[in-house]
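# Coordinate inspection notes
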Amino acid sequence: MFKKLYHTICKDTASKNESAKLIIVTRMLTILMICYTTLVMFSLHSYTNGLLFVGLWLLLFIGVLPLSYRLKTFTTFCFLNILILIWIAATILCFGWNIGTQQFLLALVVFCFFAKYGHEALKILYVVLLLLVRIALYLYSARHAPILSVEPVMGHTLQILNTLAIYVSISVIMVIFSRDSQALEGKLIEYNEQLMKQANTDPLTGLSNRRCTTAYLEKLLDRPSTSISICLCDIDWFKKVNDTYGHEMGDEVLKKISETFQNSLPSDCFISRWGGEEFLLIFPSHNGDESRIHLSTLSQDIRDLTFRSGDIDFHVTMTFGLVEYDYVSSLDTLLQEADSKLYYGKEHGRDQVVF
């Protein structure tokens, strides 16, 4: 039954240059108004005049459905808006202000703004019109008694029915019109996150790149609260690896060493590929002595790595230049000092931590 109703609502929605969503929402609101007025009729079964009044509006709302398959989408939308607006005014005149029918004007406001792209001036004008209608109906109700008086219990029943209908109406409008835009926004956010990740990540190793690392360091050194150590390190004889075993093997060495960094170093250590076979390691909560211990363990883990090219196994080593932040030096000074210590290690035997 529901599947058939869904297909009926979505029937003939592919009109050229017209919104499929708009006609679907229009039909759903029409069906909602039919259900709502039917419930009101059952509630007013003991009020003959009220029953006839609501029955007339039930027939009018039923008549909108077949029109939605014949008229243009925007024409049907306008017709339903006018019909609901007249129904609001007539219901307030008939039953009074306290049953809450005027709140349907809020649904019309939401319907108006989601209905059509652009035309903001006309939308604002329409909202102002709805506001004036609401004020006029309030002033009229304050000075005139309703045509039909209902008992307080019946007034509360109608208030509850109106509240439910209004909430469902606004929910239907917002869910249908915002669903695709939310999905699109979600995809856009995901795409932006991917772009940001690509901009900040080295594609080969998956580590942070130089740009991301520099930004992190500047922020870290701006307001240091603990000891900070920085290490610039380099794979020994890496050019020989590329020349002997090929660049693909060189890439494999870079990736394997990057994994070893992540497995061997503390979780708070910031690891980045600084360029080529050079890496920058940042210890944001470790002094130089503590960092040196971690680097010694890392150095041994790297020596233990075995790489295989054809039938040949080989090993690599790394040299580390470590400095501790003195809370005074600039970022450039720290990097130059780390680079000097790395160079010293290269010139004096390699495969060591220089601090």
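Provided above is the structure to which this section pertains.
Residues numbered from 1 in each chain as written. Predicted model: local features only at pLDDT ≥ 70, side-chain atom pairs only at ≥ 80, totals over all residues. Heavy atoms only, no water.

### Here's the deal with the overall build of the chain
The condition is simple: Starting at the N terminus, helices and strands are each numbered in turn, a helix being any DSSP run of H or I of at least four residues and a strand any DSSP run of E of at least two. Only protein chains enter the accessibility calculation, which uses a 1.4 Å probe. A residue is then buried if its area is under 20% of the maximum for its type, exposed if over 50%, and partly exposed in between. In what follows, residue pairs with any heavy atoms lying within 4.5 Å of each other are defined as contacts. Values of accessible area rely on a 1.4 Å probe in the Shrake-Rupley scheme; residue burial ignores everything except the protein chains shown.
When helices and strands are tallied, the chain shows twelve helices and seven strands. Across the 355 residues in the chain, those meeting the buried criterion constitute 43%. Counting only contacts in the chain whose residues sit at least 6 apart along the sequence, the fraction spanning at least 24 positions is 68%. About 20200 Å² of surface is accessible on the chain, with carbon and sulfur atoms providing 60% of the total.

### Comments concerning the environment of Gln352
Selection criterion: For this analysis, a polar contact is any N or O atom pair within 3.5 Å, provided that within protein one partner can donate a hydrogen and the other can accept it, and provided that sequence-adjacent residues contribute only side-chain to side-chain pairs.
Structurally, Gln352 is set in the loop between helix H12 (331-347) and strand E7 (353-354). Overall, Gln352 belongs to the partly exposed group, its relative accessible area being 24%. Along the chain, Gln352 and Met318 lie 34 residues apart, while their C-alpha atoms are 7.1 Å from each other. Among the polar contacts made by the side chain of Gln352, one reaches the main-chain carbonyl oxygen of His348 at a distance of 2.6 Å.

### Observations concerning unusual backbone geometry
One non-glycine residue, Trp237, lies in the positive phi region at around 50°. The class of Trp237 is exposed, set by a relative accessible area of 55%. Positive phi is not limited to glycine here, since Arg350 has a value of about 60°. Within the secondary structure, Arg350 sits in the loop between H12 and E7. Residue classification places Arg350 among the partly exposed residues on the basis of a relative accessible area of 22%.

### Details of the nonpolar core
Put simply, the rule is: What makes a nonpolar core is a set of buried Ala, Val, Leu, Ile, Met, Phe, Trp, Tyr and Cys residues whose side-chain atoms join them at distances within 4.5 Å.
Counting 52 residues, the largest nonpolar core has Phe61, Trp87, Ile88 and Phe111 as the members making the most contacts within it. Elements represented by at least two residues in this core include exactly helix H2 (20-43), helix H3 (48-68), helix H4 (73-95), helix H5 (104-115), helix H6 (120-143) and helix H7 (152-200). Discounting residues that sit within four places of it in the chain, Phe61 has contacts with Thr30, Met33, Ile34, Thr37, Leu80, Leu83, Ile84 and Trp87. In terms of nonpolar packing, the next biggest core, distinct from the first, is built from 28 residues, Leu254, Phe279, Phe283 and Leu298 among them.

### Concerning empty space enclosed by the protein
Filter applied, for reference: A cavity here means a set of 1 Å grid points, computed over protein atoms only, where a 1.4 Å probe fits but cannot escape. A pocket is an open set with protein on both sides within 12 Å along at least 5 of 7 lines, and lining residues have an atom within 4 Å of a point. Grid points are joined across faces, edges and corners, and a volume is the space filled by probe spheres set on the points. Note on residue categories: nonpolar means Ala, Val, Leu, Ile, Met, Phe, Trp, Tyr, Cys or Pro, charged means Asp, Glu, Lys or Arg, and polar means any other residue, Gly included.
Evaluated as defined, the whole model comprises three cavities of 30 Å³ or more. Its boundaries defined by the atoms lining it, the largest cavity holds a volume of some 80 Å³. At the level of elements, H2, H3, H4 and H7 are the ones that each hand at least two residues to the lining of the largest cavity. For the lining of the largest cavity, a count of residues per class yields nine nonpolar, four polar and no charged. There is about 60 Å³ of room inside the second largest cavity. Every element with two or more residues in the lining of the second largest cavity is listed here: H2, H5 and H7.

### Considerations on H4
For clarity, the threshold we go by: One less than the residue count of a helix, multiplied by 1.5 Å, gives the span that helix is expected to have.
Here H4 contains 23 residues, and its C-alpha end-to-end distance of 32 Å stays within 8% of the 33 Å for a straight helix at 1.5 Å per residue. Positive phi appears at Gly96, one or two residues downstream of H4, with a value of about 100°.

### Here we look at the packing of H3 against H4
Axis angle and axis distance: for two packed helices, these are the angle between their axes and the distance between the axes, and together they describe the pair. Applied cut-off: Each axis is a line fitted through C-alpha atoms, and for a helix only the stretch in contact is used; angles between axes span 0 to 180 degrees, taken between their N-to-C directions. Note on terminology: angles under 35 degrees are roughly parallel, angles over 145 are roughly antiparallel, angles of 65 to 115 are roughly perpendicular, and the others are oblique.
For the pair H3 and H4, interaxial distance at closest approach is 11 Å and the crossing angle is 175°. With respect to H4, the axis of H3 lies roughly antiparallel. For the pair formed by H3 and H4, the contact residues are Gly50, Phe53, Val54, Trp57, Leu60, Phe61, Val64, Leu67 and Ser68 on the first element and Thr76, Phe79, Leu80, Leu83, Ile84, Ile86, Trp87, Ala90, Thr91, Cys94 and Phe95 on the second.

### Brief notes about the environment of Ile235
Mapped onto the elements of the fold, Ile235 is located in strand E1 (residues 229-235). Between the C-alpha atom of Ile235 and that of Leu254, which follows or precedes it by 19 residues, the distance is 8.7 Å. Excluding its chain neighbours within four sequence positions, the residues that come into contact with Ile235 are Val253, Leu254, Ile257, Glu277, Phe279, Val316, Thr317, Met318 and Lys346.

### Looking at a negative patch on the surface
For clarity, the cut-off: The patch calculation keeps residues exceeding 30% relative accessible area without a salt bridge and links them within 9 Å when they carry like charges or within 5 Å when they are nonpolar (Val, Leu, Ile, Met, Phe, Trp, Tyr). Think of a salt bridge as a Lys or Arg side-chain nitrogen and an Asp or Glu carboxyl oxygen that are within 4 Å of each other. Think of it this way: Lys and Arg go in the positive column, Asp and Glu in the negative one, and His and the chain ends go nowhere. Just so you know, the charge point we use is NZ for Lys, CZ for Arg, CG for Asp and CD for Glu.
On the surface, a cluster of negative charge is made up of Glu248, Asp251, Glu252 and Glu259. Along the chain, the position of Glu248 falls in helix H10 (residues 247-264). Accessibility expressed as a relative area gives 72% for Glu248, which makes it exposed.

### Brief notes about the sheet that holds strand E6 (residues 318-324)
Adjacent strands of a sheet form backbone hydrogen bonds with each other and so pair up, either parallel or antiparallel. Note the cut-off: Strands are labelled as partners when DSSP assigns at least two bridges between them.
The mixed open sheet is built from five strands, whose spatial order is E2-E3-E1-E6-E7. On the outer flanks of this sheet lie strand E2 (270-275) and E7, each paired with one strand and no other. Here E6 pairs with E7 via two bridges, running parallel. Directly across from Phe320, in E7, lies its bridge partner Val353.

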